[in-house]
Amino acid sequence: MNDVEDPVLLHTAGRAGHITLNRPRAINALNHAMVRRIDEALTAWERDPAVETVVLSGAGERGLCAGGDIRAVHDDARDGDGTASAAFWRDEYRLNARIARCPKPYVALMDGIVMGGGVGVSAHGGFRVVTERSRIAMPETGIGFVPDVGGTYLLARAPGELGTHLALTGAQIGAGDAVSCGLADHFVPSASLRDLVDDLADLPVREALNRHVHPLPEGELAGRREWIDSCYAAGTVEEIVRRLFAHGDPAAKETAEILLTRSPTTLKVTLVALRRARRLCTLERVLEQEYRVSCAALTTPDLVEGIRAQVIDKDRRPRWSPATLAEVTEADVERYFTPLGERELRLAATDITGEAAG
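Quick notes on the rules
- Residues numbered from 1 in each chain as written.
- Predicted model: local features only at pLDDT ≥ 70, side-chain atom pairs only at ≥ 80, totals over all residues.
- Heavy atoms only, no water.
- Helix = DSSP H or I, 4+ residues; strand = E, 2+ residues; numbered from the N terminus.
- Polar contact = N/O pair within 3.5 Å; in protein donor to acceptor, adjacent residues only side chain to side chain.
- Pairing = 2+ DSSP bridges.
- Core = buried A, V, L, I, M, F, W, Y, C linked by side-chain atoms within 4.5 Å.
- Buried < 20%, exposed > 50% of the residue type's maximum accessible area, 1.4 Å probe, protein only.
- Contact = heavy atoms within 4.5 Å.
- Lys, Arg positive; Asp, Glu negative; His and termini not counted.
- Salt bridge = Lys/Arg side-chain N within 4 Å of Asp/Glu carboxyl O.
- Axes fitted to C-alpha atoms, helices over the stretch in contact; angles between N-to-C directions.
- Left-handed = near helix turned anticlockwise from the far one by under 90°.
- Nonpolar A, V, L, I, M, F, W, Y, C, P; charged D, E, K, R; others polar.
- Expected span 1.5 Å × (residues − 1).

Caption draft 1: Broad picture of the environment of Arg 128. Along the chain, Arg 128 turns up in strand β7 (residues 127-130). In sequence terms Arg 128 and His 186 are 58 residues apart; their C-alpha atoms lie 6.3 Å from each other. Reaching out from Arg 128, the side chain makes a polar contact with the backbone oxygen of Ala 123 at a distance of 2.4 Å.

Written out as structure tokens, the structure reads:
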């Protein structure tokens with residue numbers, strides 16, 4: 001298989017093993033084959049003493065990864081029984097947990113667009129590098145889905161209610177806000193990434209980073225913390241929207257209007273998922289919850305409709321069902337969290353390589 005056909009390129013350079021997501025026309029969107037290949041590479045390199053550092057990057061100029069292949073999810077949910085998507089998520093979430101527990105330094109170059117599944121393969125790593133081009137988001141509520149790939153774990157631990165704001169709106173953030181929200185660690189100018197990669201071939205990660213890290217650019221969210229924290233502390237989505245409209249800041253009103261364009265059901269499910277994620281102890285437990293939620297989403301109309309409106313037909317006019325927040329009942333929300341029985345992900349009971357935990 002040549003480089004044009006191979007969606008994940010693997011090579012070693014000095015002490016570093018490199019994983020390059022290689023679907024630049026799709027902004028390196030992840031599919032099942034890519035997840036498996038990354039997992040295989042980690043298995044090989046974790047056992048290889050010559051590989052001391054793992055480096056993740058994306059091909060092309062647009063970004064690291066725009067997320068999962070949601071066209072495939074759309075077709076599976078619309079025309080199939082959801083089995084293929086559930087199998088993809090099972091392996092993807094296991095990979096997310098594995099990255100978080102990687103025994104070797106894992107360096108993610110989060111340059112350009114990093115969304116959805118792209119956050120899952122980067123923001124759980126030990127060293128998350130952002131640039132002035134970084135645009136990071138969990139935009140799932142806009143397609144009738146709920147933040148996954150450990151996104152609710154990360155966002156639930158962001159300062160104050162910043163994570164709630166990002167999860168419900170799907171807003172994109174830059175480097176400064178990504179670091180302040182706990183989604184990234186280091187700022188390196190995009191023009192310096194090649195030199196950083198070269199240094200990672202010869203130097204320990206921290207030493208290489210120290211050569212290239214720059215002061216962090218100022219973010220935008222710090223100046224909005226007052227209304228974000230006060231409005232999103234509400235117990236329901238309806239009350240959040242009410243507070244946003246009532247607040248005097250024009251940005252709060254604009255945010256309320258954005259929320260009213262999102263799937264009412266997945267807004268409510270996302271809020272509950274985040275609040276429950278705050279009480280769960282580990283990433284693995286949160287991923288188990290996300291797997292239940294994701295599988296439930298496959299059986300609801302909003303996921304197919306949201307992807308249709310945003311990606312397939314691109315009319316940007318989804319017809320949500322139910323259409324309003326008031327019509328979404330507690331029972332509608334709770335069904336997303338129903339245990340799956342034998343189909344449970346069960347990451348907490350096994351290690352990330354699938355062997356019985358000792």
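Caption draft 2: Focus on the sheet that holds β7. Ordered by their spatial adjacency, 6 strands build an open sheet running β1-β2-β3-β5-β7-β9, and the pairing between neighbours is mixed. Unpaired on one side and paired on the other, β1 (8-13) and β9 (186-187) mark the two borders of the sheet. By the bridge criterion, 6 bridges tie strand β2 (residues 16-21) to strand β3 (residues 53-58) in an arrangement that is parallel. In the sheet register, Leu 21 faces β3, and the bridge partner there is Gly 58.

Caption draft 3: Seen up close, the nonpolar core. In this structure, Ile 19, Leu 21, Tyr 106, Ile 136 and Leu 244 are the most contacted members of the largest nonpolar core, which totals 95 residues. Of all the elements, helix α14 (residues 283-297) adds the most residues to this core, at 8 residues. When near neighbours in sequence (up to four residues on either side) are disregarded, Leu 244 contacts Trp 227, Cys 231, Tyr 232, Ala 252, Lys 253, Thr 255, Ala 256 and Leu 259. Listed in part, the 15 residues of the second largest apolar core include Val 129, Leu 200, Leu 203 and Ala 208.

Caption draft 4: Broad picture of unusual backbone geometry. Residue Ser 321 is joined to Pro 322 through a cis peptide bond whose omega torsion reads 0 degrees. Of note, the phi angle at Ile 27 is positive, near 50 degrees, even though the residue is not glycine. Examined against the element boundaries, Ile 27 turns out to sit in the loop between β2 and α1 (32-46). One non-glycine residue with positive phi stands out, namely Lys 314, at about 60 degrees. Residue placement: Lys 314 occurs in the loop between α15 (301-312) and α16 (330-334). Using a relative accessible area of 51% as the deciding quantity, one classes Lys 314 as exposed.

Caption draft 5: Geometry of the side chain of Asp 302. Tracing the backbone shows Asp 302 in helix α15. The side chain of Asp 302 sits in the buried core without any salt bridge; Arg 319 is the nearest counter-charge, 9.8 Å away. For Asp 302, the contacting residues outside a window of four places in its chain are Ile 143, Gly 144, Ser 263, Thr 265, Trp 320 and Ser 321.

Caption draft 6: Up close: the pairing of β7. Burial of the side chains of β7 extends over both faces: Phe 127 and Val 129 are buried on one face and Arg 128 and Val 130 on the other. In this sheet, β9 lies alongside β7 in parallel orientation, the contact comprising 2 bridges. The residue of β9 that forms the bridge with Val 129 is His 186.

Caption draft 7: The arrangement of the pattern of salt bridges in detail. According to the stated counting rule, one finds 26 salt bridges in the structure shown. Among the ionic pairs, Asp 229 bridges to Arg 225, the shortest N-O distance being 2.8 Å. Of this pair, Asp 229 and Arg 225 both sit in helix α10 (residues 225-232), 4 residues apart, which is roughly one turn of the helix. Ionic pairing is found between Glu 344 and Arg 292, a salt bridge with its closest N-O pair at 2.8 Å.

Caption draft 8: Structural view of the packing of helix α11 (residues 237-246) against helix α12 (residues 250-259). Close contact between α11 and α12 brings their axes to 7 Å; oriented N to C, the two are set at 145 degrees. The interaxial crossing formed by α11 with α12 has left-handed handedness. Contacts from Ile 240, Val 241, Leu 244 and Phe 245 of α11 reach α12 at Ala 252, Lys 253, Thr 255, Ala 256, Glu 257 and Leu 259. Across the contact of α11 with α12, the residue classes tally to 7 nonpolar, 1 polar and 2 charged.

Caption draft 9: Highlighting α1. Compared with the 21 Å implied by 1.5 Å per residue over 15 residues, the 21 Å span of α1 between its first and last C-alpha is a close match. The complete set of buried residues in α1 reads His 32, Met 34, Val 35, Ile 38, Ala 41, Leu 42 and Trp 45. In this structure, the buried residues of α1 make contact with β1, β2, β3, α3 (83-100) and β5 (106-110). The opening residue of α1, the one whose side-chain oxygen lies 3.2 Å from the backbone nitrogen of Ala 33, is Asn 31.

Caption draft 10: Quick peek at the pairing of β5. Of all 5 residues in β5, 5 are buried, a share of seventy percent or more. Residue alternation in β5 divides its side chains into two sets, Tyr 106, Ala 108 and Met 110 and Val 107 and Leu 109, and both sets are buried. Note: β3 against β5, 3 bridges, orientation parallel. Looking at the pairing, Leu 56 lines up with Ala 108 of β5. Relative to β7, β5 runs parallel, the two sharing 4 bridges. Looking at the pairing, Val 107 lines up with Phe 127 of β7.

Caption draft 11: Region of interest: the sheet that holds strand β6 (residues 113-115). Read across the open sheet, the 3 strands follow the order β4-β6-β8; overall the sheet is parallel. Of all the strands in the sheet, just β4 (63-65) and β8 (135-137) have a single pairing partner and so form its edges. Pairs of neighbouring strands in the sheet enclose a mean axial angle of 15 degrees, with direction left out of account. The sheet contact formed by β4 and β6 spans 2 bridges and is parallel. Looking at the pairing, Gly 63 lines up with Ile 113 of β6.

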